[in-house]
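# What the coordinates show
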Amino acid sequence: LTDDQLVSQYLEGQIGAFEELYERYARRLLAFLHGEVGSVWAEDLLQETFSRLLTSLDRYSPSGKFSAYVYEIARNLARDRQRRLY
């Protein structure tokens, strides 16, 4: 299934679809976040990324690319964390 199909399934109540999205992206996002904020904050920001994703999926537009959407959330959280630290 495509990412967009999994999002649609999740929005229709199939929780397993979100679990599949997590499995697809968690490792790559964690590596990305390690590069952005270091290992101390990466795990926390990964969880926050997926938490934010859960609350915003109803606003996700399949006209874009899901990976860009989830990375944008992670990037914004990393920038916010860096601003608070410095």
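Remember, it's a predicted structure, so these values are computed and weren't measured experimentally.

## Considering the nonpolar core
Tyr25, Leu29, Phe50, Leu53, Leu57 and Phe66 are the most contacted members of the largest nonpolar core, which totals 27 residues. Elements represented by at least two residues in this core include exactly α1 (3-11), α2 (15-37), α3 (39-56) and α4 (66-85). In terms of residue count, the dominant contributor to this core is α2 (9 residues). For Leu53, the residues in contact, after removing those within four places along its chain, are Phe18, Phe66, Tyr69, Val70 and Ile73.

## Side note on the pattern of salt bridges
Scanning all chains against the criterion turns up 4 salt bridges. The salt bridge involving Glu20 is made with Arg24; its shortest N-O contact spans 3.2 Å. Residue Glu20 and its partner Arg24 are both found in helix α2; the two are separated by 4 residues, about one turn of the helix. Notably, a salt bridge pairs Arg83 with Asp80, separated by 2.8 Å at the nearest N-O pair. Of this pair, Arg83 and Asp80 both sit in helix α4, 3 residues apart, roughly one helical turn. Among the residues examined, Asp80 registers a relative accessible area of 31% and is labelled partly exposed. Because the salt bridges share partners, they merge into one network encompassing Asp3, Glu20 and Arg24.

## Some thoughts on the packing of α2 against α3
The interhelical angle for the contact between α2 and α3, taken along N-to-C directions, is 140°, at an axis separation of 8 Å. Here α3 runs oblique to α2, going by the angle between their axes. Between α2 and α3 lies a crossing of right-handed hand. Two secondary-structure elements touch here, α2 through Phe18, Leu21, Tyr22, Tyr25, Ala26, Leu29, Leu30, Leu33, His34 and Val37 and α3 through Ser39, Trp41, Ala42, Glu43, Leu45, Leu46, Gln47, Thr49, Phe50, Leu53 and Leu54. Residues that form the contact of α2 with α3 fall into these classes: 16 nonpolar, 4 polar and 1 charged.

Calculation notes
Residues numbered from 1 in each chain as written. Predicted model: local features only at pLDDT ≥ 70, side-chain atom pairs only at ≥ 80, totals over all residues. Heavy atoms only, no water. Core = buried A, V, L, I, M, F, W, Y, C linked by side-chain atoms within 4.5 Å. Buried < 20%, exposed > 50% of the residue type's maximum accessible area, 1.4 Å probe, protein only. Helix = DSSP H or I, 4+ residues; strand = E, 2+ residues; numbered from the N terminus. Contact = heavy atoms within 4.5 Å. Salt bridge = Lys/Arg side-chain N within 4 Å of Asp/Glu carboxyl O. Axes fitted to C-alpha atoms, helices over the stretch in contact; angles between N-to-C directions. Parallel < 35°, antiparallel > 145°, perpendicular 65-115°, else oblique. Left-handed = near helix turned anticlockwise from the far one by under 90°. Nonpolar A, V, L, I, M, F, W, Y, C, P; charged D, E, K, R; others polar.

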